[in-house]
Structure formats: structure tokens, C-alpha cells
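# Residue-level structure breakdown
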Amino acid sequence: MSTLDRASEAGPTTSLPPEQLASDDAVPPPPQRGPGHRGIATRVFVGAALAVMTVAFVYPFIWLISASLKPRSDVFDNRLIPETLTFDNYIEVWNAAPMAAWLMNTAFVTVMATLTVTISSALVAWGFARYQFRGRNLLFGLVLASMMIPGAATMIPTYLIWNSLGLVGTLTPLWAGNVFGTAFYIFLLRQFFLGLPPELFDAAEIDGAGHWRVFWHIALPLTRPALVVVALFEFQAAWTDLMRGLIYLRDREDFTVPRGLKSMLDQFGFGGEWHWELIVTASVITTLPMIIVFFIGQRQIIQGVASTGTKG
Amino acid sequence: VSLATPASTRAAAAPRPPRGRGGSGRHQGWVAFLFISPWLIGFLVFMAYPVVYTGYLSLTDYDVINDPTFLGLDNYRELVSDEKVVLALRNTFVYTLMSVPAQLVFSLGLALLLQRAGRAAGFFRTAFFLPKMTPPVAVGVLLLMLLNGQSGLLNELLGWFGINGPNWTTDPDWVKPGLVVTSLWTVGSSVIILLAALQEVPEELLDAARVDGASWSRRLWHVVLPIISPAIYFIVVVDTIASLQSFTEAYTAFFGAGNTTYSNDAALFYAIYLFQQAFEFLHMGYASAMAVLLFAIVMVVTAVQVMLSRRYVHYTGGAR
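Everything quoted here is computed from the prediction, not taken from an experiment.

## Observations regarding the nonpolar core
Counting residues in hydrophobic clusters, the biggest one holds 204 residues, and the most contacted among them are A:Phe193 and B:Ile228. The element contributing the most residues to this core is helix α13 (residues 276-306) of chain A, with 15 residues. Excluding residues that lie within four positions of it along the chain, A:Phe193 makes contacts with A:Ala122, A:Ala125, A:Trp126, A:Ala129, A:Phe215, A:Ala219, A:Leu220 and A:Thr223.

## Some details on the packing of helix α12 (residues 257-270) of chain A against α13(A)
Residues and elements named next belong to chain A. At a minimum axis separation of 9 Å, α12 and α13 run at an interaxial angle of 170 degrees. Classified by the angle their axes make, α12 and α13 are roughly antiparallel. Contact with α12, carried on its side by Val257, Pro258, Leu261, Met264, Leu265, Phe268, Gly269 and Phe270, involves Trp276, Leu278, Ile279, Ala282, Ser283 and Thr286 of α13 and no other residues of that element. Counted by class, the contact of α12 with α13 contains 11 nonpolar, three polar and no charged residues.

## A few points about the interface of chain A and chain B
Counting residues at the interface gives 121 residues for chain A, matched by 123 residues for chain B. With both sides pooled, the region where chain A packs onto chain B buries about 10,700 Å², and carbon together with sulfur makes up 75% of that total. The largest per-residue losses of area from chain A upon contact with chain B belong to A:Phe57, A:Gln132 and A:Phe270, which jointly make up 7% of the total buried on that side. For the pair chain A and chain B, the interface holds 11 residue pairs in polar contact (both at pLDDT 80 or more). Per-class residue counts for the side of chain A that touches chain B are 77 nonpolar, 31 polar and 13 charged.

## Description of the environment of A:Phe295
Locating A:Phe295 in the fold gives a position in helix α13. Put simply, A:Phe295 and A:Phe255 are 40 residues apart on the chain and 26 Å apart in space, counted from C-alpha to C-alpha. Setting aside chain neighbours within four positions, we find A:Phe295 in contact with B:Thr126 and B:Leu130.

Reading the values: rules and limits
- Residues numbered from 1 in each chain as written.
- Chains lettered and ligands numbered in written order.
- Predicted model: local features only at pLDDT ≥ 70, side-chain atom pairs only at ≥ 80, totals over all residues.
- Heavy atoms only, no water.
- Core = buried A, V, L, I, M, F, W, Y, C linked by side-chain atoms within 4.5 Å.
- Buried < 20%, exposed > 50% of the residue type's maximum accessible area, 1.4 Å probe, protein only.
- Helix = DSSP H or I, 4+ residues; strand = E, 2+ residues; numbered from the N terminus.
- Contact = heavy atoms within 4.5 Å.
- Axes fitted to C-alpha atoms, helices over the stretch in contact; angles between N-to-C directions.
- Parallel < 35°, antiparallel > 145°, perpendicular 65-115°, else oblique.
- Nonpolar A, V, L, I, M, F, W, Y, C, P; charged D, E, K, R; others polar.
- Buried area = accessible area lost by both parts, 1.4 Å probe.
- Polar contact = N/O pair within 3.5 Å; in protein donor to acceptor, adjacent residues only side chain to side chain.

Rendered as C-alpha cells:
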């Protein structure tokens, strides 16, 4: 919960029913009604509107990729197919910026952030779902309440903590907070754990399995669909985060890709050099991994989002 | 809303395991505390302590290098007379008041379309969600490129219809509308949440309304919207909190090291000014006071929304 816009993913009315995640399609097509005259007119309208909207949503990507394949003078010509097709920008961008280092840094931060937050949130969620203890409801209420706290309210002391540990200027502050879990994911996973039959775990305990074994070998594997959703959400959040990069990273070589893209915009965009073709190309490089992740995890991402807000 | 009940009701139903190693473990508080200890530590160190310390810093002058010096309420006095704070607050509220309804109406329209898309719904859903994956920095770059007044794609498109598009990125009157337009591009998750809610609307209710001769718009207003009001409420709350803190797209497009070429006051959101005060000017005390104010605003707005929800949000019984 340290980026300011993370709030868009959090909310108290969120729930994640396991049956929805486990099923193949959380959003089945609606039942068809018999066509009439009005039905046909409606269908034509719906089809046309959907087509226009699809173009509106997808075209910026196509524009961006197309622009990245144009020479400097043509970037703003708005042509779909570049008049002169060139891959020079992709070579040039590697010379103009330490792109490889940025990609490595971001990959490292993203993997660490995803791994740590998934495991720690699952641990905590299990503690809340499986056990009864005094103050449990109060503490879980605190988990929910902490989602409402704006990132700005903790941003400065958090910076001072990392500063006093001498870690400002390193990649650590970009992910290490995740070892403590994140309220939203704890909530999500707890809901999932509560949907599993407790008899299963009771039986394992009768068979002599310890607390850790029950969690690690029985509960976690059953939670895989929800863990995948959490991992995908965090992967996206960590890869795209700009603010922590702005706060904590100092040297150009240490930047993440979003932070690097911002520095390129400052240098080549308004800095007077006007190399928009490099900015466009760097934007493609920054965005492409997320598009790939989306196409790999599309079903889980969409089901995960669909289940955040449907249930009161 | 039953957030905390299932485990306790289940515990009563489940057969008590015999005592032994790990037996009856559900009542062993210390095991539970071990499991939740990561969050407990994190909450104390990275949530509770920072919130309290922000409150303390807001009463001081602090630049990270020298120790904080106590000022009392001076920062807050400065806050109310700081023109830029007033400007940033106004920008943020105006943007929120424009973008939250715009996003809601737009995403509801898209969800209604998707609901009628039949078999192809999956394809369109993917297309609508894709921009949500785009890093906000890249969204900021796209804003500068596509909404550029002279050569941007949007104005070229408007030109086809004989509309002379405004300078979205430089005209102070059009910067915020430009940001709103951009925010419409990333409504994917709202669309998906609303679509899921629409599919929970019982077909019998719609049929009954149809038999009674209710038009499409009446069915939408009197049947569909009340039933999906919890999802709408959720989206409004989440989008409002996010809009009040919006930072990345506007900061990318209009602020930063090299950006001195034109006035960008119109895009100065509260979170941006707070960030500048804290990390560009190192006015940590002043920025903390700003953070306290933001915290208060978010709390008040949320409280108002909770109160309004009691009146306008219908939770139907028997939710699965």
C-alpha cells in the first residue's frame, strides 16, 4: 500500500469467492433472446458501438508501436503504417539510456515484490482464517481500516526509515516493505481460505500434521488460483510504479524502467533535445512486458478484478 | 456484510479434534500470532508509527539533514494561506468531480454494451481492459502525444467532424479535461466489476418489468441500477479515493526536471504538490502537514459516502 494510486485496487467491500476463481469463466455470456425487428436494430447498434470502442481502446497501443518504428521527423504524422520503416530507434534507445540495467532492476524489484507479498500475505491471511484468538476481529478490522489510509500519510516517515537504514539510493525500498504483506491481498486470500472446507485441515491435524505442514502442504496448494491473482496484481503494480522510483532512486543506472522513462521524457522531451522517437520507443519497452503478462494471465486477472466489488 | 462470521460459525460445526500435537490448534493463540506476525510488525513499523510520526513532523520544520525544530501549528497556518495549496486543492476537487462521474457513466455504458455482446464478449472485454495494464508513466507519455494540440491524434480525429480541438496539453482550461479523457482510457476494471454485477441481475425481474411495459430506460433506472448499486458504490468510493490522490499521469506529463517550458499550474494536483514539498524542496514538516490535511479530507469524503450509501445503496438479501 505504498503507491498513492494503489487505493484504486483496494476496498472494504472486496471479496473473492473461490468458486468464481476456480471456474473457467466467471463472466458467462448472457442468455440470448429471440431476435425481433427492434432486436436486430439493437444488435447493429451494439455491434457498431463495440467496434468503435475497441478501436478507441486498442489504437493508442498501435499508434505507439507504429511511432516507435518511424524516423524522428515522422513520429507525429499519425500514420498507421510508417512511411519509412526503421528499427533504428530500438538500437538508439539502448545507446541513449542504460535500458538493459533498467530492465534488470525492474525485473528484480518486481520478482522480489511479488514473491514476498504473496507468501507473507498468505501467511497472515491463514492466521486470520484458520485460528481463533482474542482480538482477532479487532485486528482484522485494523487490516481493513489500513486500506483507507492514504499513501501520503505514511510516505515521509517511511522514507526516513529507509534513509536511516542507509538504503535510499538502492532498490530495496521498492520491494522490501512487501515482506510484511499487504492489507488488500490479506483480505483477498483470507476470503479464499474461508471458502475451503475446514474438515480437511482438521483431518490433517488428527493425522498429526503440524500447523506449518497444514498451511504449507495442504492449504497453500488449494489456494493456488487466488495466489496467482495476487501475484499477477502485484507484478503489475510493482512493474509500473513510478513514485517509489522517484523517491528512492538517485543514480541513473539504478533506475527502474518507469523511472527511467520519466527521466528520458525530462531529458529528450522538454529538456530541449526533442527526441520524441526515443521516448515513444522507451514507452513501448516499458509497456510491452505488461501486455505479455496480461495475455498470459488474462483469465485470472479479469476474474480477480471481477470478484473485487461484486459482493457487498 | 458478513466479513468476520464464517470462521466462528464453522468452528462450532467442525468436530473437535482430539488433543495431541497440534490438536485443537485453532484455539492456540500463539500459533495464530506467529502467522499474522509479519503483518503485525509491518503495521506497527510502516503504518501506525509513520501515521503518528507524520502528525508529529507536521508540527515541525524538518529538512532531513538537521533535527526537527518544533513550530507548533505554524505549518497549518501557512497551509491555509499558501496559494498553491488552495490551487492544488481546487485542481484536485475539480478533477475528481469531473473524472469520477465520467468514468462511472462511461464504464457503465461499456458494461451494458458488453452484456449484449454475446459470444464475442470475451474479446471486447480484453480490449477494454488492456489499457489498465499500461504503466501510468506510459499513459502520461501517451497523453502528451495523442492529445497534443497541433499534431495529436485526438484533434485530428475531431477535425474529421469539423471540430477545432483545443490545446489539451497547454491550455490551462483544457488540461484537466484532457486528464479526464485520458482517465477514461483506463476504466477497464470498473467495466469488469460492473459487468459481473449486471450478470447477477435476475432475469425474472427484467422479464416482469418488460411484461408490465417498462421501457429499456425505465428498466435500467428502476430495476438494474438499484440492483447493481453496491458495485456502483464500490467503484465511486475507490475512484474517489484514487482521484483525490492522483499523481503519476499528471506528474509525468506536466512536471519533473526538464519541464519548465510552460505553465502547468492547471495540472498541479495535491499529491504532486505534496511530493514536491517533501522530496524536491525537502520541506518535510510542511509536507507532513499537507499529508495530515489529505488524510482528513479522504476520511471526511469517505464518511460522507458511507452516509449516502445508507440511503441509496440497496443490498439485496441472500447474496451468495
